[in-house]
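Notes for the structure review
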Amino acid sequence: MIAPRIGVFVCRCGTNIGGIVDVPQVVEYTKNLPYVAHAEANLYTCSEEGISSIKHGIKEHDLNRVVVASCTPRTHQPLFRNACADAGLNPYLFEFVNIREHCSWIHMKNRREATEKAKELVKMGVAKARWLDAQEEFKSEVYPAAMVIGGGVAGMSAALNLANQGFEVHLVEKEPELGGRLLKLNRIFPINKDPSELVGSIVKSVRGHSKIRLHMPAVVKSAGGYIGNFDVSVDEDRQETSFKAGVIIVATGAQVLKPELYRYGELANVLTQLDLEQRLKDAELGEFQNVVMINCVGARIPERPYCSRICCMTAIKNAALMKEINPQAKVYVLYRDLMTYGVEFEEYYREVKEAGVRFIRYTPSKVPQVIGAERVGSVRIYDELMDMELELPCDLLVLATPLIANDDNEELSKMLKVPIADGGFFLEAHVKLRPVEFPMDGIYVAGTCRWPADIRESIAQGYAAASEAVIPLRQGLVKVEAITATVDPKICKGCGTCVLVCPFDAIELKESEIRGLEGKIVSEVNTALCKGCGLCAAACPNGAIQQRGFTDTQLISMVNALSGKR
Amino acid sequence: MGFQVYLVEKTPSIGGRMSQLDKTFPTNDCSMCILAPKMIEASRHPNIRLLTYSEVEEVAGDSGKFKVKIRKKARFVDEEKCTGCGVCVTKCPWKVDSEFDLGLSKRKAIYTPFAQAVPNIPVIDTEHCVYFLKGTCRACEKFCEAGAINYDQEDEIIEAEVDAIILASGFDLYDPSGLEEYGYGKIKNVITAMQYERMISASGPTGGQLERPSDGATPNRLAFIQCVGSRDTHHKLYCSTVCCMHATKEAILANEHYPDLEAFIFYTDMRAVGKRFQEYIARAEQQYKVTYIRSRPSKITENPDTGNPIVWYEETTTRTRTSMEVDMVVLCQALIPSGSMKDMSCMLHLSLNDYQFVHIPDRLFHPVDTEIPGLFACGFCQAPQDIPDSVVQASAAAARAAEFVSKDE
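Regarding the overall build of chain B
Secondary structure assignment for chain B yields nine helices and 23 strands. In summary, chain B has a C-alpha radius of gyration of 23 Å against a globular reference of 22 Å for 409 residues, a match within 12%. When its C-alpha atoms are laid out on the principal axes, chain B stretches across 65 × 55 × 35 Å. Buried positions account for 56% of the 409 residues belonging to chain B. Restricting to contacts in chain B with at least 6 residues of sequence separation, those with at least 24 account for 66%. Taken as a whole, chain B presents about 17,000 Å² of accessible surface, with 48% of it coming from carbon and sulfur. Seen as two clouds, the 44 positive and the 56 negative side-chain charges of chain B have centres 2 Å apart.

Description of the sheet that holds strand β18 (residues 299-302) of chain B
All names here are of chain B. In space, the three strands of this open sheet follow the order β18-β19-β20, with antiparallel pairing throughout. Each edge of the sheet is formed by a strand with only one pairing partner; in this case those strands are β18 and β20 (320-325). Averaged over neighbouring strand pairs, the angle between their axes works out to 30° when direction is ignored. Sheet analysis places strand β19 (residues 309-315) next to β20, joined by six bridges and oriented antiparallel. Looking across to β20, one finds that Tyr 313 is bridged to Thr 322.

Overview of the nonpolar core
With 62 residues, the main nonpolar core has B:Tyr196, B:Leu210, B:Leu222, B:Phe224, B:Ile225, B:Phe266 and B:Val329 as its most contacted residues. Ranked by residues supplied to this core, first place goes to helix α6 (residues 243-257) of chain B with eight residues. Leave out the neighbours within four places in its chain, and B:Leu210 touches B:Tyr196, B:Met199, B:Ile200, B:Ala217, B:Thr218, B:Pro219, B:Leu222, B:Ala254, B:Tyr258 and B:Leu261. Formed by 60 residues, the second largest nonpolar core is a distinct cluster that contains A:Val23, A:Val36, A:Ile58 and A:Ile99.

Considerations on the interface of chain A and chain B
Between chain A and chain B, the residue contacts involve 77 residues of the former and 69 residues of the latter. Interface area for chain A against chain B, summed over the two sides, is near 6,400 Å², with a carbon-plus-sulfur share of 59%. For the interface between chain A and chain B, the tally reads eight salt bridges. Two residues, B:Arg276 and A:Asp422, come together in a salt bridge whose shortest N-O distance is 2.6 Å. Our count for the chain A to chain B interface comes out at 33 residue pairs in polar contact (both at pLDDT 80 or more). For the side of chain A that touches chain B, the elements supplying multiple residues, two or more each, are α2 (48-60), α3 (73-86), α6 (153-164), α7 (195-207), α10 (344-354) and α12 (455-475) of chain A. For the side of chain A that touches chain B, the per-class residue count stands at 41 nonpolar, 14 polar and 22 charged.

Looking at helix α1 (residues 23-31) of chain A
Residues and elements named next belong to chain A. All buried positions along α1 are accounted for by Val 23, Val 26, Val 27 and Thr 30. Buried residues of α1, seen end-on, are gathered within an arc of 100° and therefore sit on one face of the element. On its buried face, α1 sits against β1 (6-11), β2 (36-42) and α5 (111-130).

Some details on the packing of aromatic side chains
Using the criterion set out here, one finds 25 aromatic pairs over all chains in the structure. Look at B:Phe171 and B:Phe380: their rings are 4.9 Å apart centre to centre, the planes differ by 55°, and that puts the pair in the tilted class. Linking B:Phe171 in strand β13 (residues 171-173) with B:Phe380 in the loop between β23 (375-377) and α9 (387-406), this pair joins segments that are 209 residues apart in sequence. By way of ring pairs, the aromatic residues B:Phe171, B:Tyr238, B:Tyr355, B:Phe357 and B:Phe380 are connected into one cluster. When the ring centre of A:Phe550 is taken as origin, the NZ or CZ atom of A:Lys128, which lies over that ring, is 4.1 Å away. The side chain of B:Arg107 reaches across the aromatic face of B:Tyr111, ending 3.8 Å from its centre.

A short note on the domain arrangement of chain B
Residue and element names in this part refer to chain B. Here chain B is partitioned into domain 1 (5-73 + 155-170 + 338-405), domain 2 (87-143) and domain 3 (174-335). Using only C-alpha atoms to locate each centre, domain 1 and domain 3 end up separated by 31 Å. With 16 residues of domain 1 at the contact, the number on the domain 3 side is 25 residues. Counting each side, the surface lost to burial between domain 1 and domain 3 is near 1,700 Å², with a carbon and sulfur contribution of 66%. Applying the counting criterion to the domain 1 and domain 3 interface returns zero salt bridges.

Describing the packing of α6(A) against α12(A)
Residues and elements named next belong to chain A. Where α6 contacts α12, the two axes come as close as 8 Å, and the packing angle between them is 35°. Considering the relative orientation of α6 and α12, their crossing is right-handed. Only Ile 455, Ser 458, Ile 459, Gly 462, Tyr 463, Ala 466, Val 470 and Leu 473 of α12 make contact with α6, whose side of the interface consists of Val 153, Ala 154, Ser 157, Ala 158, Asn 161 and Leu 162. Here the residues of the contact of α6 with α12 sort into ten nonpolar, four polar and no charged.

Describing the pattern of salt bridges
Evaluation of the coordinates by the stated rule reveals 56 salt bridges over all chains. Residues B:Lys69 and B:Glu58 are paired through a salt bridge, measuring 3.7 Å at the closest nitrogen-oxygen approach. Separated by eleven residues along the polypeptide, B:Lys69 in strand β6 (residues 66-72) and B:Glu58 in strand β5 (residues 54-60) bring together distant segments of the chain. Using a relative accessible area of 29% as the deciding quantity, one classes B:Lys69 as partly exposed. Of the charged contacts, one joins B:Lys249 and B:Glu197 as a salt bridge, the two residues approaching to 2.7 Å between their closest N and O atoms. In this pair, B:Lys249 sits in helix α6 while B:Glu197 sits in helix α5 (residues 193-200), placing the two residues 52 residues apart along the sequence. Like B:Glu197, B:Lys249 is buried. Because the salt bridges share partners, they merge into one network encompassing A:Arg309, A:Asp454, A:Arg456, A:Glu457 and B:Asp389.

A few points about the side chain of B:Lys249
Judged by relative accessible area, which is 2%, B:Lys249 ranks as buried. In contact with B:Lys249, not counting residues within four places along its chain, are B:Lys23, B:Thr24, B:Phe25, B:Asn28, B:Glu197 and B:Tyr280.

A closer look at the packing of α1(A) against α5(A)
Residues and elements named next belong to chain A. Packing of α1 against α5 brings their axes to within 10 Å, and their N-to-C directions diverge by 35°. For α1 against α5, the interelement crossing comes out right-handed. Contact residues: Gln 25, Val 26, Tyr 29 and Thr 30 in α1; Thr 115, Glu 116, Ala 118, Lys 119, Glu 120, Val 122 and Lys 123 in α5. The residue makeup of the contact of α1 with α5, split by class, is four nonpolar, three polar and four charged.

Quick notes on the rules
Residues numbered from 1 in each chain as written. Chains lettered and ligands numbered in written order. Predicted model: local features only at pLDDT ≥ 70, side-chain atom pairs only at ≥ 80, totals over all residues. Heavy atoms only, no water. Helix = DSSP H or I, 4+ residues; strand = E, 2+ residues; numbered from the N terminus. Rg over C-alpha atoms; globule rule 2.2 N^0.38 Å. Buried < 20%, exposed > 50% of the residue type's maximum accessible area, 1.4 Å probe, protein only. Contact = heavy atoms within 4.5 Å. Areas by Shrake-Rupley, 256 points an atom, 1.4 Å probe, with all protein chains shown as cover. Lys, Arg positive; Asp, Glu negative; His and termini not counted. Charge placed at Lys NZ, Arg CZ, Asp CG, Glu CD. Pairing = 2+ DSSP bridges. Axes fitted to C-alpha atoms, helices over the stretch in contact; angles between N-to-C directions. Core = buried A, V, L, I, M, F, W, Y, C linked by side-chain atoms within 4.5 Å. Buried area = accessible area lost by both parts, 1.4 Å probe. Salt bridge = Lys/Arg side-chain N within 4 Å of Asp/Glu carboxyl O. Polar contact = N/O pair within 3.5 Å; in protein donor to acceptor, adjacent residues only side chain to side chain. Nonpolar A, V, L, I, M, F, W, Y, C, P; charged D, E, K, R; others polar. Arc of directions from axis to C-beta. Phe/Tyr/Trp six-rings, centres within 6.5 Å; stacked < 30°, edge-to-face > 60°. Lys NZ or Arg CZ within 6 Å of the ring centre and 35° of its normal. Domains from an automatic or database assignment. Left-handed = near helix turned anticlockwise from the far one by under 90°.

Spelled out as structure tokens, the structure:
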């Protein structure tokens with residue numbers, strides 16, 4: 001092994017680190033650590049200037065290991081690894097030390113100790129860096145097809161986009177027709193049009209596309225594999241179909257809450273907005289004179305704290321429609337905050353107000369009261385602006401309820417190993433940097449299965465997911481992170497503990513083919529599936545598993561550095 | 001996706017408005033920390049040609065075969081030679097109000113807009129450089145070891161043929177001095193939200209300390225006024241979409257810096273419609289001493305003894321007119337499409353709506369397609385939206401452009 005020559009770059013992050021941690025002192029301290037050939041401070045190591053000083057340092061000081069002491073690997077590791085690679089150093093010979101979250105931020109009030117801790121952390125990083133090994137990233141071919149789950153507007157937009165770029169798409173829809181939630185609507189805001197003809201034209205393009213293979217009605221039974229290489233099996237009309245896909249887009253939509261509030265289901269003239277749409281569609285609404293709509297029914301309450309984003313506009317749209325059908329009718333919308341964000345919604349709201357729809361604000365401490373025996377006769381509401389209790393006559397009460405997550409999200413989440421959070425909606429990898437990607441490579445998310453969204457937002461997300469998914473498809477080859485587990489077959493006793501703990505089904509027990517060990521049952525890691533979580537390495541009772549980049553030697557050297565041992 | 005891209009940016013660095021922000025809602029992660037790696041990634045990507053300090057001057061040709069003329073303005077610094085060492089900036093003796101810090105700090109006549117600027121190459125601002133004005137000085141040239149200063153550099157015209165164009169020209173800030181009742185520009189301790197962002201930012205002119213303009217004191221009571229110029233029949237009718245949330249974030253940050261600080265947010269409707277936004281509001285109220293007051297203040301006056309602004313408003317729940325004295329007021333001003341939108345729309349023969357946002361003919365089903373085939377628009381230039389929605393639209397526009405280009409393949 002060539003003697004390690006370690007370069008250490010300590011970031012000031014402007015004043016984020018430099019204002020608390022004495023960076024020059026850390027640099028001076030670092031210079032005396034074993035194998036450190038160069039140490040310097042940067043104003044921002046992530047700036048162009050900082051990156052070029054890493055590249056320059058590698059050449060100038062003949063560095064074969066790089067340590068950056070700055071912020072979090074979550075946002076910055078790829079950047080620094082790339083800087084190393086650009087300068088000809090294997091990117092896995094890079095080590096990250098976090099002295100911002102772990103020092104300057106958390107110990108903001110104690111500069112001296114923050115500095116001491118930074119020195120210790122850098123010492124540990126340097127100790128580990130000495131033992132780093134170069135790694136080769138696993139390369140995998142990408143099968144040039146996509147699976148899109150969900151045939152609503154988000155899914156169809158994604159499918160069409162990929163198909164029009166020449167890729168084969170398997171579109172899997174649970175229901176017997178395409179169009180999703182939109183098919184249930186009477187009109188859509190803010191253009192007041194019947195959605196069926198608009199959706200119809202998209203459905204027609206999907207159905208007629210030579211590159212799109214429809215599976216409908218069908219559900220995904222299993223989807224194993226990894227980016228570039230998923231093996232999918234769907235249950236289609238009680239027949240099992242299998243196919244391969246390089247990428248997967250999840251666009252399964254959401255459902256509308258049926259509330260247990262305001263005597264819904266008990267009194268005949270209490271509907272949800274969705275029920276109202278259905279009645280209007282079927283021309284079964286009948287006559288009405290006094291309409292009251294209540295917003296935030298079952299939303300923005302402790303058990304369901306979120307705002308469902310689309311209900312205010314739904315209510316306003318239908319309120320306008322009621323006024324249009326019967327201009328003599330009195331239409332009230334009882335709301336908490338009106339979420340008419342942006343240009344068109346705000347305009348639409350203003351027009352509807354001018355058309356005579358009345359808006360009354362209520363607060364959660366004084367919710368509207370429904371009065372009536374078999375039917376709603378009136379709604380009592382405290383009007384904050386007039387500071388008085390009003391009794392509104394009512395022959396039709398319409399409740400705006402939120403979108404809630406589909407019941408089968410959990411099953412899908414387990415099958416694809418993608419996370420769900422808040423209220424059962426799918427959780428993206430990063431809300432700003434990766435809003436339509438899952439942490440699992442090669443799987444993407446769009447539309448209301450991710451979070452409530454209106455049509456235009458769902459379609460934009462469908463396209464966005466397609467734009468991410470098409471990158472591996474076009475490249476044809478993907479590199480997979482090399483921080484993975486590796487088994488020493490000589491030590492492995494084939495107990496299978498690792499197989500049980502692996503959340504990614506990446507480990508199998510197999511007969512060894514290695515000379516001298518032929519026939520021995522040992523575990524084997526599928527590097528493409530391994531996410532490097534480290535569970536197996538920790539669980540192995542025989543110490544047969546090492547995690548690349550976190551080997552025992554590397555970790556123990558860090559502990560020894562901290563405790564002062566060599 | 002493998003396409004060649006010209007990335008044309010008007011200012012000397014890529015990064016946009018996000019580079020001016022401190023933290024971002026609702027996660028409070030640092031804006032620059034998310035942005036800087038993206039900027040570097042864009043600059044080192046082999047398929048991206050960065051043209052900063054450049055403007056599109058002419059677009060000709062039919063859809064799908066656009067001929068674009070780009071003026072790459074003279075930086076007066078040779079990009080090949082410059083090492084980004086910054087000595088020219090240090091030595092330049094001439095100071096000007098910094099646009100990046102909205103006048104809260106000074107920059108030099110030769111400058112990079114901020115420390116992480118990409119590319120890290122300064123520009124000479126000829127309107128303030130004394131050499132350009134009076135023919136003397138040349139300090140930057142004298143000290144530049146790389147010999148990169150070139151006072152004779154000329155604008156360069158770059159001609160490119162492209163198959164698709166994506167417009168992402170962002171937003172500008174509505175000037176609140178038109179709302180005279182709020183005293184911006186007259187009452188010292190009334191500032192705008194973007195000025196506040198720079199002040200609370202650790203990399204900003206005050207190093208993250210809140211210092212009120214009149215006396216540099218740390219404020220203990222802050223008022224945020226929402227809908228300043230937005231949802232207003234005399235100004236902009238639309239809702240700027242992001243202000244409820246950024247005010248909440250700014251109030252939270254203030255309390256994180258100064259645990260005794262109280263903030264009052266005067267709002268019309270609390271529009272918290274995104275993922276985890278409602279929870280963020282609840283946290284602000286419960287943990288960070290933020291009080292939401294539903295009222296649109298009628299005026300702001302100044303206490304002549306203390307310089308404290310006094311906010312006059314109607315307490316809607318009790319229907320009483322009242323006032324509140326605070327140490328500093330932050331105006332959450334309306335956000336408007338970028339000033340160059342009008343020229344750009346003429347050049348592209350693109351129609352705008354009443355507020356100068358790009359007209360999207362089928363906003364619902366083709367949310368990023370403009371009326372010209374092959375021309376797409378994303379982000380604030382087509383509708384007010386927050387960062388996650390802008391990122392989604394940007395990816396969507398890329399997908400549509402790829403689809404459009406693929407038709408010819």
